[in-house]
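The chain contents come next:
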Amino acid sequence: MNSVSIGGIKLPGIVALSPMAGVSHIAYRGICREMGAAYAPTELVSARSIRYNGLEKSMQYLRIDPETEGITAIQLFGAEPDDFTAAIEKIMEDPVLSKVDIIDINMGCPVPKVVKTGAGSALMNSPQTAAAIVKACKKALEGLPRHIPVTVKTRTGYDASDKGKPDFAKALADAGCDMLCVHGRTRPQMYTGECDRKAIALMREAVMGYDIPFFANGDVTDGPSAKTLMEECGADGVMIGRAARGNPWIFSEVAAYLAGSGDIITPDEQERKETLLRELEGRCRWCDEEIAVREFRSVMPFYVKGLRGAAKLKVRLCSALTVNEVKEILEL
Ligand SMILES: Cc1cc2nc3c(=O)[nH]c(=O)nc-3n(C[C@H](O)[C@H](O)[C@H](O)COP(=O)(O)O)c2cc1C
């Protein structure tokens, strides 16, 4: 298995966590890293909000911990190059955030609230603005003691009829993007339908001549699906989203499969429950316990999926308010 470098930063693997709002918490990202994820970016954070409201308002999404996470990446979204410039300037003034290794730009978010501002997947319709954003980020990061690469995560199209956007991929590479990750769905598909590997391959092909790594994303649930996605798209690595919710073991499983080892690490019931608790306790370090438990309610069901009595466990976990209640429900 070839190793991959993003702008000179050598990744410890080729299987990464795909950013997910509400899921990619700092506590979870550390666990993913421990379980073999090459890296795990933050969820999307508004560059405009950082510019006008400062870092503090977005800190719960922005915070990074280079010690537990290894390679850190912050994902920003926005529609104006100047917002990115200002946001990066602020990030670089913070003693911890300035240690970030990678700045990722979201050009794939399909949520109408984001798209109608011209951000996320709307940028696929404005290649010039998208390129200007990449350039603005690169410029804002120039002259620092460390090289901080700029990556982009996008989709295969803005309209349902789109079957890949090779020119868009090229425009990003021409602007100096240091890595491109493409999710094989169009904006209107959101997360429905199947990942279009041919459309991803078309975009991969378009940036073949550039010396940048290319990650594919969409519907990876295990080793074989990751291998098919990589092979059919000619990708250097994969990002895993939904199948990684409550399932950080997927990173070592997929990495082992891609490396040709048949070892599948299946966590037992106890390990699943203990890891759930560990993530919850990690989340509690950053905010009030009740808020942490409430926020974690959307993730806990994924940890107990498939366990004995999962249906009842899920219902009870979703009404818990304290860590002790969660422990009691899980009999830990
Ligand atoms: C709940 C949820 C939140 C997401 N949030 C983000 C996000 O903040 N940034 C981003 O680039 N993609 C986001 N995505 C998209 C995923 O990163 C990924 O591209 C998509 O789920 C397809 O990969 P998968 O089939 O492995 O899930 C989100 C997806 C889900 C399901």
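Structural data are supplied above this passage.
Note that this is a predicted model, so its numbers are computed, not measured.

The rules behind the values
Residues numbered from 1 in each chain as written. Predicted model: local features only at pLDDT ≥ 70, side-chain atom pairs only at ≥ 80, totals over all residues. Heavy atoms only, no water. Phe/Tyr/Trp six-rings, centres within 6.5 Å; stacked < 30°, edge-to-face > 60°. Helix = DSSP H or I, 4+ residues; strand = E, 2+ residues; numbered from the N terminus. Buried < 20%, exposed > 50% of the residue type's maximum accessible area, 1.4 Å probe, protein only. Core = buried A, V, L, I, M, F, W, Y, C linked by side-chain atoms within 4.5 Å. Domains from an automatic or database assignment. Contact = heavy atoms within 4.5 Å. Pairing = 2+ DSSP bridges. 1 Å grid on protein atoms, 1.4 Å probe; cavity = no way out; pocket = protein on both sides within 12 Å on 5 of 7 lines; lining within 4 Å. Points joined across faces, edges and corners; volume = space filled by probe spheres on them. Nonpolar A, V, L, I, M, F, W, Y, C, P; charged D, E, K, R; others polar. Near = heavy atom within 4 Å. Polar contact = N/O pair within 3.5 Å; in protein donor to acceptor, adjacent residues only side chain to side chain. Sits in = over half its atoms within 2 Å of the grid points. Axes fitted to C-alpha atoms, helices over the stretch in contact; angles between N-to-C directions. Parallel < 35°, antiparallel > 145°, perpendicular 65-115°, else oblique. Salt bridge = Lys/Arg side-chain N within 4 Å of Asp/Glu carboxyl O.

**Student:** I tried to follow the packing of aromatic side chains on my own but got confused; where do I start?
**Tutor:** For any pair of aromatic rings, geometry is given as the distance between the ring centres together with the angle between the planes. A full pass over the atoms with the stated rule returns two aromatic pairs. Judged by centre distance (6.5 Å) and plane angle (90 degrees), the rings of W249 and Y303 are edge-to-face. You can see W249 sitting in the loop between β10 (237-240) and α11 (250-258) and its partner Y303 sitting in helix α14 (residues 300-304), a full 54 residues away along the chain. Judged by its relative accessible area of 1%, Y303 is buried. Members of the aromatic cluster, each reached through a chain of ring pairs, are W249, F296 and Y303.

**Student:** When you look at the nonpolar core in this model, what are you seeing that I'm missing?
**Tutor:** Formed by 106 residues in total, the largest nonpolar core has its most connected members in Y39, L76 and I91. Per element, the largest residue contribution to this core is six residues, and it comes from helix α7 (residues 127-140). Counting contributing residues per domain, this core is built from domain 1 (5-258) and domain 2 (269-330), each supplying no fewer than three. Not counting residues within four places of it along the chain, the set of residues in contact with L76 comprises V45, I50, F84, A87, I88, I91, I103, D104, I105 and N106. Formed by six residues, the second largest nonpolar core is a distinct cluster that contains L44, F77, A79 and V114.

**Student:** So what exactly am I meant to see when it comes to the pairing of strand β6 (residues 102-107) here?
**Tutor:** Most of β6 sits inside the fold, with six of its six residues counted as buried. Residues of β6 alternate between two faces, with I102, D104 and N106 on one and I103, I105 and M107 on the opposite face, all of them buried. As paired strands, strand β5 (residues 73-77) and β6 are joined by four bridges and run parallel to one another. Within β6, the residue paired with L76 across the bridge is I105.

**Student:** Just to check I follow, could you spell out empty space enclosed by the protein for this structure?
**Tutor:** A water-sized probe rolled over the atoms picks out the places where empty space is left. Applying the stated criterion across every chain yields a total of one cavity of 30 Å³ or more. Looking at the largest cavity, the residues that line it are H25, Q60, R63, W286, C287 and E295. When the residues that make up the lining of the largest cavity are grouped by side-chain class, the tally is two nonpolar, two polar and two charged. Of the domains in this structure, domain 1 (5-258) and domain 2 (269-330) are the two that each give at least three residues to the lining of the largest cavity.

**Student:** For this particular structure, what's the right way to read the site of the ligand?
**Tutor:** The environment of the ligand is made up of 17 residues, and the closest members are P19, Q75, N217, D219 and R242. In the environment of the ligand, an oxygen atom lies 2.7 Å from a nitrogen or oxygen atom belonging to the backbone of P19. A distance of 3.2 Å separates an oxygen atom of the ligand from a polar atom in the side chain of N106. In this structure, the ligand is accommodated by the largest pocket. Counted by class, the shell around the ligand contains six nonpolar, seven polar and four charged residues.

**Student:** How should I be thinking about the side chain of S24 in this particular structure?
**Tutor:** Relative to the helices and strands, S24 resides in the loop between β3 (15-17) and α1 (26-34). The class for S24 is buried, based on a relative accessible area of 2%. Polar side-chain contacts of S24 include one of 2.8 Å to the backbone nitrogen of M20.

**Student:** Help me out: how do you make sense of the packing of helix α15 (residues 310-317) against helix α16 (residues 323-330) in this one?
**Tutor:** If you want to describe how two helices pack, look at the angle between their axes and the distance between the axes. Where α15 contacts α16, the axes come no closer than 10 Å and their chain directions differ by 170 degrees. The pairing of α15 with α16 is recorded here as roughly antiparallel in orientation. Seen from α15, the contacting residues are L313, R316 and L317; seen from α16, they are V326, I329 and L330. Class assignment of the residues belonging to the contact of α15 with α16 gives a composition of five nonpolar, no polar and one charged.

**Student:** Even after reading the chapter, I still don't get the pattern of salt bridges, so can you show me in this structure?
**Tutor:** Pairing is possible between side chains of opposite charge, provided their charged atoms come close. Applying the stated criterion across every chain yields a total of 16 salt bridges. D83 is the partner of R48 in a salt bridge, and the nearest nitrogen-oxygen pair spans 2.7 Å. Of this pair, R48 sits in helix α2 (residues 47-53) while D83 is found in helix α5 (residues 81-93), placing the two residues 35 residues apart along the sequence. Counted as one network, the salt bridges with shared partners bring together R48, R51 and D83.

Function-wise, these values are silent; they only describe arrangement.
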